[in-house]
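# Structural characterization, general
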Amino acid sequence: MANTISKTSNQRKTKFTPNMDNFKVSLSYEGLSLKKSSEGKTIAELKRKYAR
């Protein structure tokens with residue numbers, strides 16, 4: 001039983017990244033929108049740009 005516990009704890013968890021179209025819809029519900037300069041970028045690129 002110890003082997004199964006160690007295997008699950010060693011597995012890498014994947015982070016959720018939303019689809020860009022879904023992200024835009026979500027922003028519109030909140031009354032926000034993307035700038036024209038950020039239009040063609042991926043979510044990962046936008047996170048790097050606006051990281052604090």
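Since we're looking at a predicted model, the values are computed, not measured. (Residues numbered from 1 in each chain as written. Predicted model: local features only at pLDDT ≥ 70, side-chain atom pairs only at ≥ 80, totals over all residues. Heavy atoms only, no water.)

## What about the overall build of the protein chain?
- For the protein chain, the count of helices and strands is three helices and zero strands.
- Reading the protein chain from its N end, one meets helices and strands in the order α-α-α.
- Buried positions account for 10% of the 52 residues belonging to the protein chain.
- For the protein chain, the accessible surface area stands at approximately 5200 Å², while carbon and sulfur atoms represent 55% of it. (Helix = DSSP H or I, 4+ residues; strand = E, 2+ residues; numbered from the N terminus. Buried < 20%, exposed > 50% of the residue type's maximum accessible area, 1.4 Å probe, protein only. Areas by Shrake-Rupley, 256 points an atom, 1.4 Å probe, with all protein chains shown as cover.)

## Description of the side chain of S38
- Note on placement: S38 falls in the loop between α2 (20-29) and α3 (43-50).
- With near-sequence residues (within four places) excluded, S38 lies in contact with L46, K49 and Y50. (Contact = heavy atoms within 4.5 Å.)

## Quick word on the pattern of salt bridges
- Scanning all chains against the criterion turns up one salt bridge.
- With a shortest N-O distance of 3.3 Å, K24 and E39 are connected by a salt bridge. Of this pair, K24 sits in helix α2 while E39 sits in the loop between α2 and α3, and the two are 15 residues apart along the sequence.
- K24 gets classed as partly exposed once you look at its relative accessible area, which sits at 30%.
- With a relative accessible area of 36%, E39 lands in the partly exposed category. (Salt bridge = Lys/Arg side-chain N within 4 Å of Asp/Glu carboxyl O.)

## Thoughts on the confidence of the model for the protein chain
- This prediction gives the protein chain a mean pLDDT of 77; 77% of its residues lie at or above 70.
- Per-element averaging of pLDDT across the protein chain places helix α1 (residues 2-10) at the bottom with 55 and α2 at the top with 86. (pLDDT = per-residue confidence, 0-100.)

## Here's the deal with the environment of S38
- For S38, a relative accessible area of 2% corresponds to the buried category.
- When the C-alpha atoms of S38 and K49 are compared, they prove to be 9.8 Å apart, with eleven residues separating the residues in sequence.

## Quick word on the environment of I43
- Turning to its location among the elements, I43 is positioned in helix α3.
- With 25 residues separating them along the chain, I43 and P18 place their C-alpha atoms 8.1 Å apart.
- The residues contacting I43, other than those within four sequence positions of it, are P18, N19, M20 and F23.

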